[in-house]
Every structure is written in C-alpha cells, then in structure tokens.
Protein chains: 2
Amino acid sequence: MTDDDTEEQPIQPGSSGPGLSERPPRRPLDQALIVREAVDFIDENGREQLTMRRLGARLGVEAMALYRYLPGREALLDCVVEALMDELYDATMTGEYGSSWQEYLQQLAHSVRELALAHPRIFPLVASRPPAAPWLRPPLRSLRWVEEFLTGLARHGFNDADSVLAYRTFSTFLLGHLLLESTAMSGESISPEDDELPTPDHQDLSEYPRLLRLEGPLTQNAFAEEFDDALEDLIRRIEISRS
Amino acid sequence: MTDDDTEEQPIQPGSSGPGLSERPPRRPLDQALIVREAVDFIDENGREQLTMRRLGARLGVEAMALYRYLPGREALLDCVVEALMDELYDATMTGEYGSSWQEYLQQLAHSVRELALAHPRIFPLVASRPPAAPWLRPPLRSLRWVEEFLTGLARHGFNDADSVLAYRTFSTFLLGHLLLESTAMSGESISPEDDELPTPDHQDLSEYPRLLRLEGPLTQNAFAEEFDDALEDLIRRIEISRS
DNA sequence: ACCTGAACACCGTTCAAGT
DNA sequence: ACCTGAACACCGTTCAAGT
C-alpha cells in the first residue's frame, strides 16, 4: 500500500537501447533544473511520491548528488513553492496592470486560479507550508509578491490601511476557494472539465435522507461561478469599506 | 535535522522506578484510545513527528500492535480528523439551535473556529486530507455533518438550492480563515493571545520599501475581527441572494 | 486474544572515497 | 568539481511466533 506504482522496472544494464541513451536525461545538474523536475514530478505523481531517491533517478543521478544543490528535502519543497510564485509573476507581469483596482484584483485573482488549476497537486503546498513569517499569507507567499500587491493597490490610490486590509481579505478569499478546488481536482479526475463530481457508494447515503435528495445539486461542479461571484462580492466589500 | 527531539532516553530496564510503574501507561488498547493519543501527540509535537513507532511507544506497546486496531497510518490520520469532527459535534449539539439561521451560522462558525484554535496543528489535516467525496468540503467533512448542516438550515426555512449554496460559501469561508489562522498559530507561539505576529530578520526587508513601512499594520494580529467581519458579510450575502 | 521479533523494502542524510 | 558506495538512523508494514 505504500508503493502502488513503484514497479521495479528491471532495465537491463549494458544495452543502451534504441539509438541515443535515453534512460537518464543527464542534462548538467543545476538547482533550477532539479526544481523544475520536482515540479513536473509532483504534477504527475503527487507530492507523497516525491522522494530524493526517485527524483535523482529521474535526473539520471543518485539521490546524494542533489545535496550539492539543495540542503535537503524541505528546502526542495520550499523551492517548488517559490517556483510557482515565480511562474505567477511571469504570468501576471506580461499583461497590463488594469485600468482600475477592481480590474487589477480581477486579473490577479484569475491568474492565481489558473496557476492553482495548472498545478492542483502542488497548490496545497503553497497553501499549507509554514510561511517565513505568519503575516506572509498564502497563496501570495513571498516578500516580493506582497510588495507587488501593495504597490499595485497604492498605484490605484489605496492608502496604507486599506491596502493591508485588502491584502488580508484577498488572501483569505483565494486560499479558501483555490485550496478547495485544487484538492477536488487532484482527485485523479479523468476529464478536468467535467461538471459532475464523482459520487461515493450510493449505499452509504441511505442514512442521510437530505444528502440523498440533494445529491444532484451537491455533486454539481460550480467552482468557476462560485469563484467569480465571491470575487465580485469581495470587490464590492472593499469598495464600501474604503468610502 | 530529521530528529531534533528523539533523545534516546536510556530507561534502565529492570527498575520500575518510583512507586507505580509509570513509563508506559498501558491502559488496555483500543481504537478510540489510540486515536485520542494520536490527537494529543500531534497537538504536542506536530503531525510530522507522528510515527507509528513513536505512538506505540507512548502507549507502552510496539508499533505493530497498532495494526490490530487500524489498517495503517493513513487510516489513523483519517480517524484523527473524524475525532475532531466528533468533538465539534459534541460542542455544538449541547447548545441551542439558535433562534434564527443567522444565529445558527454564527454559533457554528465560532464553534469551528474554537476547534481550529484548540488544535492548530491538526486543523490543516481537516483542511487538506482528500475527502471521501469532493463535494464533502472541509472543514465540515463528514456525511453526518453535511446532513446536519443542511437540516439546520431547512429547519430555518431554507429551500434545497439555498441550503446547498450556503453550504458552499460557508465552507469556503471557514476553510480560508481558519487554515490561515491555525497555521499562523502553530508557529510555536509562546503566548497564543499575543497580538503581535513574529517578524522575520529586519535586514531582509530592506529591498521592499512598502513592506518596511507597513510592517506595523501587517504584523498586527487581527484574525478575530477579520473572522467576525467576514462572517457578518457572508451572512448578509446569503440574506440578499435568498430574497 | 493480543502482542512481539525479525525481516523487508523503503526513507533522508552524511561522508569518505572515487573520477 | 562533481558524483557515488557504503553506512546510519530511521520509516511503515507483514507475518510467523510467542504468551
């Protein structure tokens, strides 16, 4: 049960196989490369499966080689989180800043959501890893990002107190919605665009009449609308508290 | 680094020490007892430290003995989550149902918050463990609880569609707020009632002028007010969408 | 019936040694 | 400079054996 998919995989040692030696990629090692590989690994196999030894094997190297570039497994996970934050930075910085703060928050929120859905098995790390400082709230968990966020609002006329307040409510909103959605999505769904969530054994619901009756509505996947509705509401709430 | 607090602890074998034999408690084993001990263990040492072997030792037994009562470690963690859900059930069912649905949601929300703050190192499990079904949203993650919630609202005149909607927004709200607060709190704070969150090395902020300036407001612990404000807003939002 | 010893297949991590 | 072999101190889990 601890290794459903380990699969031993004999790999005959001598023969280099068809044409080029393809078993270990062996690009020259490098911290950034290791982290990228870790991201891909988690995307494919989940974070429980990520192991120094397995990651090494994937890079064509023994696990111990990784310690030249990273102090340990925890540090690697922190780097993975950081990598997602950088990805978000690239995704949002290419676009425009938005003509209003409302638009700015809308764009940023949707960028974060897309990131979460692109890496549903990594997002829980972004959400739950203990941040460097407790006021660095997930999912915008880097000094650079908080600075960026506060600057963005200031550019649209927010004063200090309102910026901080907006940072807090915005973070909480994103965390709740996206953690829920990403864990729902990482439940090995075949088609991520499905609008029906899998139901458990029909038997078990027999003792819960209300669940049985509301099974239809409950299993309806409505994350996108929920997100948009709650986001609009959040923005309205900020509007009101500012005036 | 993997064992800061393992401490070998020799324990001379023969001598039973002062008076009664106190090293292993040795109450007769039992699933409920094991789970209670696991809850206490995580409260004290964090979930990373929880190990079948260590938990066994704490119960005066070898790790393998636990497998008589639980199929494995994952199952144990699920039981821990379930135990918290039961604790919540006991806490809320003793009180009254509330004279209005607004009051009902208020009471329930505060009960969940108290649970999260009582077990800040366990709450992330409640938040992040993959639920049995994806529409079973944390932190009210049991069939019994969802049934209870929907029934509670129905008793106050909610129709099916509105109940489901309220269930969703309420869950998202609780998850976001309480996951943030519990992880902030489990950062080994000496005094949990402190209204100042710890700051990172003052040096590092030098490149982020806005953070440096807003350090005061940002490190202010305002979780309680945030929670209450957002809760009131959530309730108002439900009021409006229902009419 | 309930627990344990011994074993297995893994972990993360260190360090002296190889190239 | 960069990687590895061997080793250490752990894991979770199984199972035949003890009481």
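1. Describing the overall build of chain A
When helices and strands are counted, chain A shows ten helices and zero strands. Along chain A, helices (α) and strands (β) appear in the sequence α-α-α-α-α-α-α-α-α-α when read from the amino end. Put simply, chain A has 243 residues, and 47% of those count as buried. Of the contacts made within chain A by residues no fewer than 6 positions apart, 71% connect residues no fewer than 24 positions apart. Here chain A displays about 12700 Å² of accessible surface, and carbon together with sulfur accounts for 50% of that area.

2. Quick look at the packing of helix H3 (residues 73–93) of chain B against helix H4 (residues 101–118) of chain B
All names here are of chain B. The interhelical angle for the contact between H3 and H4, taken along N-to-C directions, is 135 degrees, at an axis separation of 10 Å. One finds that H3 runs oblique with respect to H4. Where H3 crosses over H4, the two elements pack in a sense that is right-handed. Along the contact surface, H3 presents Leu-84, Met-85, Glu-87, Leu-88 and Thr-92, while H4 presents Leu-108, Ser-111, Val-112 and Leu-115.

3. A look at the protein's contact with DNA strand C
Around DNA strand C, the structure places 19 residues, and the nearest of them are Arg-53 and Tyr-67 of chain A together with Glu-62, Arg-68 and Tyr-69 of chain B. Here DNA strand C approaches the protein such that, of its atoms within 4 Å, sugar and phosphate make up 55%. In this structure, a base nitrogen belonging to DNA strand C sits 2.8 Å away from a side-chain N or O atom of Arg-68 of chain B. In the model, a phosphate oxygen of DNA strand C is placed 2.7 Å from a nitrogen or oxygen of the Tyr-69 of chain B side chain. Here the surface near DNA strand C gets three residues from one element, more than from any other, and that element is helix H2 (residues 52–58) of chain A. In the surface near DNA strand C, the residues fall into eight nonpolar, two polar and nine charged.

4. Focus on the packing of helix H6 (residues 143–155) of chain B against helix H7 (residues 160–185) of chain B
Residue and element names in this part refer to chain B. The interhelical angle for the contact between H6 and H7, taken along N-to-C directions, is 125 degrees, at an axis separation of 10 Å. In terms of orientation, H6 and H7 fall into the oblique class. H6 and H7 meet at a crossing whose hand is right-handed. The residues of H7 that touch H6, namely those facing Val-146, Phe-149, Leu-150 and Leu-153, are Ser-163, Val-164, Ala-166, Tyr-167 and Phe-170. For the contact of H6 with H7, the per-class residue count stands at eight nonpolar, one polar and no charged.

5. Brief notes about the pattern of salt bridges
This model, assessed by the stated rule, comprises 22 salt bridges over all chains. For the salt bridge of Glu-44 of chain A with Arg-58 of chain A, the shortest nitrogen-to-oxygen distance reads 3.1 Å. Pair noted here: Glu-44 of chain A is in helix H1 (residues 31–45) and Arg-58 of chain A is in helix H2, with a separation of 14 residues, a long-range link. Look at Glu-44 of chain A and you get partly exposed, because its relative accessible area is 49%. Measuring nitrogen to oxygen at the nearest pair gives 3.9 Å for the salt bridge that ties Arg-236 of chain B to Asp-233 of chain B. Placement of the pair is Arg-236 of chain B and Asp-233 of chain B together in helix H10 (residues 223–242), with a separation of three residues, close to one helical turn. When its relative accessible area of 43% is taken as the criterion, Arg-236 of chain B is described as partly exposed. On the basis of relative accessibility, which here comes to 18%, the residue Asp-233 of chain B falls in the buried class. Salt bridges sharing common partners tie together Glu-37, Glu-44 and Arg-58 of chain A.

6. A few points about H1 of chain A
Residue and element names in this part refer to chain A. When the terminal C-alpha atoms of H1 are compared, their 21 Å separation across 15 residues agrees well with the 21 Å that a helix rising 1.5 Å per residue should span. Residues of H1 that are buried: Leu-33, Ile-34, Val-35, Glu-37, Ala-38, Val-39, Phe-41 and Ile-42. Two residues or fewer past H1, Gly-46 is found with a positive phi of approximately 90 degrees.

7. Quick look at the protein's contact with DNA strand D
In the vicinity of DNA strand D lie 19 residues, with Glu-62, Arg-68 and Tyr-69 of chain A together with Arg-53 and Tyr-67 of chain B positioned nearest. Protein-proximal atoms of DNA strand D, defined as those within 4 Å of the protein, fall in sugar or phosphate at a share of 54%. Note that a base nitrogen of DNA strand D is positioned 2.3 Å from one of the side-chain N or O atoms of Arg-53 of chain B. Between Arg-73 of chain B and DNA strand D, the recorded distance is 2.8 Å, taken from a backbone N or O atom to a phosphate oxygen. In terms of residue count, the dominant contributor to the surface near DNA strand D is helix H2 (residues 52–58) of chain B (three residues). Taken together, the residues that form the surface near DNA strand D break down as eight nonpolar, two polar and nine charged.

8. Observations regarding the interface of chain B and chain A
Taken together, the contact pairs 47 residues of chain B with 47 residues of chain A. For the chain B and chain A pair, buried surface summed over both sides reaches about 4800 Å², with 68% attributable to carbon and sulfur atoms. Three residues, Trp-135, Leu-180 and Arg-210 of chain B, lead the burial of chain B against chain A; their summed loss comes to 15% of the area buried on that side. Between the two partners, chain B and chain A, sit eight salt bridges. Two residues, Glu-226 of chain B and Arg-168 of chain A, come together in a salt bridge whose shortest N-O distance is 3.9 Å.

9. A short note on the environment of Ala-222 of chain B
Residues and elements named next belong to chain B. Relative to the assigned elements, Ala-222 resides in the loop between helix H9 (215–219) and H10. The exposure class of Ala-222 is buried, given its relative accessible area of 15%. Considered as a pair, Ala-222 and Asp-195 are 27 residues apart in the sequence and their alpha carbons are 7.4 Å apart.

What counts and what doesn't
- Residues numbered from 1 in each chain as written.
- Chains lettered and ligands numbered in written order.
- Predicted model: local features only at pLDDT ≥ 70, side-chain atom pairs only at ≥ 80, totals over all residues.
- Heavy atoms only, no water.
- Helix = DSSP H or I, 4+ residues; strand = E, 2+ residues; numbered from the N terminus.
- Buried < 20%, exposed > 50% of the residue type's maximum accessible area, 1.4 Å probe, protein only.
- Contact = heavy atoms within 4.5 Å.
- Areas by Shrake-Rupley, 256 points an atom, 1.4 Å probe, with all protein chains shown as cover.
- Axes fitted to C-alpha atoms, helices over the stretch in contact; angles between N-to-C directions.
- Parallel < 35°, antiparallel > 145°, perpendicular 65-115°, else oblique.
- Left-handed = near helix turned anticlockwise from the far one by under 90°.
- Near = heavy atom within 4 Å.
- Polar contact = N/O pair within 3.5 Å; in protein donor to acceptor, adjacent residues only side chain to side chain.
- Nonpolar A, V, L, I, M, F, W, Y, C, P; charged D, E, K, R; others polar.
- Salt bridge = Lys/Arg side-chain N within 4 Å of Asp/Glu carboxyl O.
- Expected span 1.5 Å × (residues − 1).
- Buried area = accessible area lost by both parts, 1.4 Å probe.

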